[in-house]
Every structure is written in C-alpha cells, then in structure tokens.
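# Summary of the model geometry
Given next are the chains, with one letter for each unit.
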Amino acid sequence: MLKSIVGVFVLLLALSSAAQTPVLPSTAVTSGDIQSFINALPRNAVSDKAIRIVDVGGYHVGVYGVFRPKIIHQEANLHETKVSEIYYILEGNATMVTGGTLPDPKPLSPGSTTMQSSRIDNGVSRKVSKGDVIIIPGRTPHWFSSQDGDLSYLIFRPDPEGKLALK
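Residues numbered from 1 in each chain as written. Predicted model: local features only at pLDDT ≥ 70, side-chain atom pairs only at ≥ 80, totals over all residues. Heavy atoms only, no water.

This brings us to the environment of Leu90. Take Leu90: it is sitting in strand β4 (residues 85–91). The buried category is assigned to Leu90, whose relative accessible area is 19%. Separated by 40 residues in sequence, Leu90 and Lys130 have C-alpha atoms that sit 5.1 Å apart. (Helix = DSSP H or I, 4+ residues; strand = E, 2+ residues; numbered from the N terminus. Buried < 20%, exposed > 50% of the residue type's maximum accessible area, 1.4 Å probe, protein only.)

In structure tokens:
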C-alpha cells in the first residue's frame, strides 16, 4: 500500500513539474527568409552564416545558410565538439566525403575547435544534390572533395553545449 501511495505521489510530482515548465514559442524561418539570405551572401567566398539561432530550453539550435562557389577550394573539417550538423542541399551538385581521418590536421585558427586538412583518408564518398540531407555527427570529418558548380545549402546545428551565440 505504501509503495502505491509513494508511486502516486511521484507521478503527481512529475506531472506538476511538467505543468510548470513554460512552453517555448516556435520560430519560423520562411523560404523567403532563406532565399533572401542566401542571395545576399558574397559570391567570391565560402559563407557559413547564421540565419537564426534560438534557445529551445537548455540548448540552442541554429539554422545557417551557406553559399560555396565552385572556384573556392576548402579544406576538410573536423569540429571537436558535440554539435552535429544536418546539411540540406538547396542548389547544386557535389561529392561529399565523411568519416575516415584527417591526415596532419591543423587548427582553423589559434584556439579553434575546428581542425582542417587537405583531404580525408578512408572516408565514405557520395554524390549529393538538391533535396539531399546529410547528417554529420560532431567530431566526424567532412569535406566537399569536388563540386559540379556553385553549391548552396542549409546547415541545422543542434548545440547541446550551448556554444552557438543566440541571434
């Protein structure tokens, strides 16, 4: 009997706690917002810029717009963080390599948690194009080894470490 009373008390306490948790507002990023943002990015550099970053209750989620011109070669990356990245290809075709190892990695800049290399060894190579989604867990090497033309895509970054600055 005491066990069932304690069980009911624990259940009521849990429901009471859940009822007091404020409901967070949703955030919309419209297709117009995205298109305007991507169109405003410079065409002579790889751009990876936040469209919106929101607090979703204990961690942040970021939506980033990227324009990657074919003429700019970029290094392979590995982010030394728990932040995963979800790429959604908007326009273009490319070959993406994920996994494997970065030979002779160097930090992007002093103190950076992003390591870079000229290539990935023993990774998985795949063609990506408009509409494709690629999920890249934190600490996973990734690289566009080639592009058929300019590439634009969204990156969704759920950030359990709270490192993304709110925007």
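Burial analysis of strand β5 (residues 93–98) places five of its six residues in the buried class, which makes it a mostly covered element. One ladder, built from five bridges, connects β5 with strand β10 (residues 142–147); its direction is antiparallel. Across the sheet, residue Ala94 finds its bridge partner in β10, namely Gln147. (Pairing = 2+ DSSP bridges.)

Moving on to the packing of aromatic side chains. Counting across every chain of the model gives three aromatic pairs. A ring pair is formed by Tyr87 and Tyr153, whose centres lie 5.0 Å apart and whose planes are at 25°; its orientation type is stacked. Placement of Tyr87 in strand β4 and of Tyr153 in strand β11 (residues 151–159) is noted, with a sequence separation of 66 residues between them. One exposure class covers both Tyr87 and Tyr153, and it is buried. The class of Tyr153 is buried, set by a relative accessible area of 1%. Members of the aromatic cluster, joined through ring pairs, are Tyr87, Phe144 and Tyr153. Directly above the aromatic system of Phe67 lies the positively charged group of Arg43, at a separation of 3.9 Å from the ring centroid. (Phe/Tyr/Trp six-rings, centres within 6.5 Å; stacked < 30°, edge-to-face > 60°. Lys NZ or Arg CZ within 6 Å of the ring centre and 35° of its normal.)

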